[in-house]
Amino acid sequence: MGLDMYLSKKTYVKNWDFMKPEDLHTVSVLRNNEPVPYIQPHRVSYIVESVMYWRKANQIHRWFVENVQHGEDDCGEYHVEIEQLQSLVDDCKKVIESLENSKKGKKEAVVGWKGGEEIKEEIEVYDNTDVADELLPTTSGFFFGSTEYDEWYMNDLKNTVKELSGVLQEDNSKSSFYYSSSW
């Protein structure tokens, strides 16, 4: 249980009689090199790719709620423009740079549970979070994870930059992106 976040890429592949031969798609779904009998390729309209999955990255979720979902945090599915994904990457890069130039300290944090007992570890935290507070502030919620600006926060940002930078270099001209979350 907790905040789960998904970014998907949908590409329309439906063939129509009026299409030029070079614009037609061939869709096949195979298992062990054999066609899957319960999927009819001629009826496939979209290919949906799971582009990114986050778990309890509440700062990223808040960014989507504020910049894509018009403030509605309702576990719906929302269309995301390429420019918005680029803006998220840019914001992540600015916060990473700011935090990397910040002094670091240690703080004890609960990292899990075993046999009903808390498991605690020393984690790295950042003392100057002004840029993070402005661009990618944390947010609390039901099982949304930590609101500390710590190494996990930083890892979420770095992973977002790495994965989305690769996606943004792909040919996305025939695709649409969608963000959804659940908790």
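Residues numbered from 1 in each chain as written. Predicted model: local features only at pLDDT ≥ 70, side-chain atom pairs only at ≥ 80, totals over all residues. Heavy atoms only, no water.

Quick look at the overall build of the chain
Heads up, the rule is: Strands are runs of DSSP state E lasting at least 2 residues, helices are runs of H or I lasting at least 4, and numbering of each runs from the N terminus. Two residues form a contact once any of their heavy atoms are found within 4.5 Å.
Scanning the chain from terminus to terminus reveals four helices and eight strands. Listing each helix as α and each strand as β along the chain from the N terminus yields β-β-β-β-α-β-α-β-β-α-α-β. Seen through its principal axes, the chain has C-alpha atoms that stretch 65 × 40 × 30 Å. By sequence separation, contacts in the chain at least 24 residues apart represent 73% of the contacts at least 6 residues apart.

A short note on the pattern of salt bridges
Inclusion rule: By definition here, a salt bridge exists when the distance from a side-chain nitrogen of Lys or Arg to a carboxyl oxygen of Asp or Glu is within 4 Å.
Counted under the stated rule, the structure contains six salt bridges. Put simply, Glu-66 and Arg-62 hold a salt bridge, and the shortest N to O gap is 2.9 Å. Highlighted residues: Glu-66 and Arg-62, both in helix α1 (residues 58–67), separated by four residues, approximately one helical turn.

A look at helix α4 (residues 151–168)
Because the α-helix completes a turn every 3.6 residues, residues three or four places apart line up on one side. The condition is simple: Here, expected helix span is obtained from the residue count minus one, scaled by 1.5 Å. Only protein chains enter the accessibility calculation, which uses a 1.4 Å probe; a residue whose area is less than 20% of its type maximum is buried, one above 50% is exposed, and one in between is partly exposed. To be clear, the arc concerns the directions from the helix axis to the C-beta atoms.
Helix length check: α4, at 18 residues, gives a terminal C-alpha distance of 25 Å against a target of 26 Å (1.5 Å per residue), a fit within 8%. Turning to α4, its buried residues number three or more, namely Tyr-153, Met-154, Asp-156, Leu-157, Thr-160, Val-161, Leu-164, Val-167 and Leu-168. The buried residues of α4 occupy an angular sector of 160° when the element is viewed end-on, so they sit on one face.

Looking at the side chain of Lys-9
Going by this rule: The definition of a polar contact used here is a pair of N or O atoms within 3.5 Å, where within protein one atom must be able to donate a hydrogen and the other to accept one, and adjacent residues in sequence count solely through side-chain atom pairs.
You can see Lys-9 is positioned in strand β1 (residues 4–12). Judged by its relative accessible area of 5%, Lys-9 is buried. Looking at Lys-9, its side chain comes within polar contact range of the side chain of Glu-170, at 3.0 Å. Side chain to side chain, Lys-9 and Asn-172 meet in a polar contact 2.8 Å long.

Here we look at the packing of aromatic side chains
Selection rule: Whether two aromatic rings pair depends on their centres lying within 6.5 Å, for rings of Phe, Tyr and Trp, where Trp uses its six-membered ring; planes under 30 degrees apart make the pair stacked, over 60 edge-to-face, and the rest tilted. Whether a charge lies above a ring is judged from NZ of Lys or CZ of Arg, which has to be within 6 Å of the ring centre and within 35 degrees of the ring normal.
Overall, the coordinates contain nine aromatic pairs when judged by the stated rule. Just above the ring of Tyr-178 sits the side chain of Lys-10; from NZ or CZ to the centre is 4.6 Å. The residue whose ring lies beneath Lys-14 is Trp-16, and the NZ or CZ to ring-centre distance is 5.9 Å.

Points about the packing of α1 against helix α2 (residues 82–100)
Operational definition: The axes used here are C-alpha line fits, helices contributing only the stretch in contact, and every angle between their N-to-C directions lies in the interval 0 to 180 degrees. Any angle that is under 35 degrees is reported as roughly parallel, and any over 145 degrees as roughly antiparallel; angles of 65 to 115 degrees are reported as roughly perpendicular and all others as oblique. Definitions for this section: a left-handed crossing has its near helix turned counterclockwise from the far helix by less than a right angle. A right-handed crossing has that turn clockwise. Throughout, the ten residues Ala, Val, Leu, Ile, Met, Phe, Trp, Tyr, Cys and Pro are labelled nonpolar, Asp, Glu, Lys and Arg are labelled charged, and all others, Gly among them, are labelled polar.
Relative to each other, α1 and α2 sit at 135°, their axes nearing to 12 Å. The angle between α1 and α2 places the two elements in the oblique class. Of the two possible hands of crossing, α1 and α2 adopt the one that is right-handed. Contacts from Ile-60, Trp-63, Phe-64 and Asn-67 of α1 reach α2 at Gln-84, Leu-85, Ser-87, Leu-88, Asp-91 and Cys-92. Of the residues that constitute the contact of α1 with α2, the class distribution is six nonpolar, three polar and one charged.

Some thoughts on the sheet that holds β1
This is how it is decided: Only when DSSP finds a minimum of two bridges between them are two strands counted as paired.
Pairing in this open sheet of four strands is antiparallel, and the strands run β4-β1-β8-β5 from one edge to the other. Since the sheet does not close on itself, it has two edges, and those belong to β4 (46–55) and β5 (77–80), each with one partner. Going across the sheet, the axis of each strand differs from the next one's by a mean of 25°, ignoring polarity. In this structure, β5 lies alongside strand β8 (residues 175–182), joined through four bridges in antiparallel fashion. For His-79, the partnering residue across the bridge sits in β8 and is Tyr-178. Relative to β8, α1 is tilted by about 120°, and along the sheet it contacts β1, β4, β5 and β8. α4 contacts β1, β4 and β8 of the sheet and is inclined by roughly 165° relative to β4.

All quantities given are derived from atomic positions and should not be read as evidence of function.
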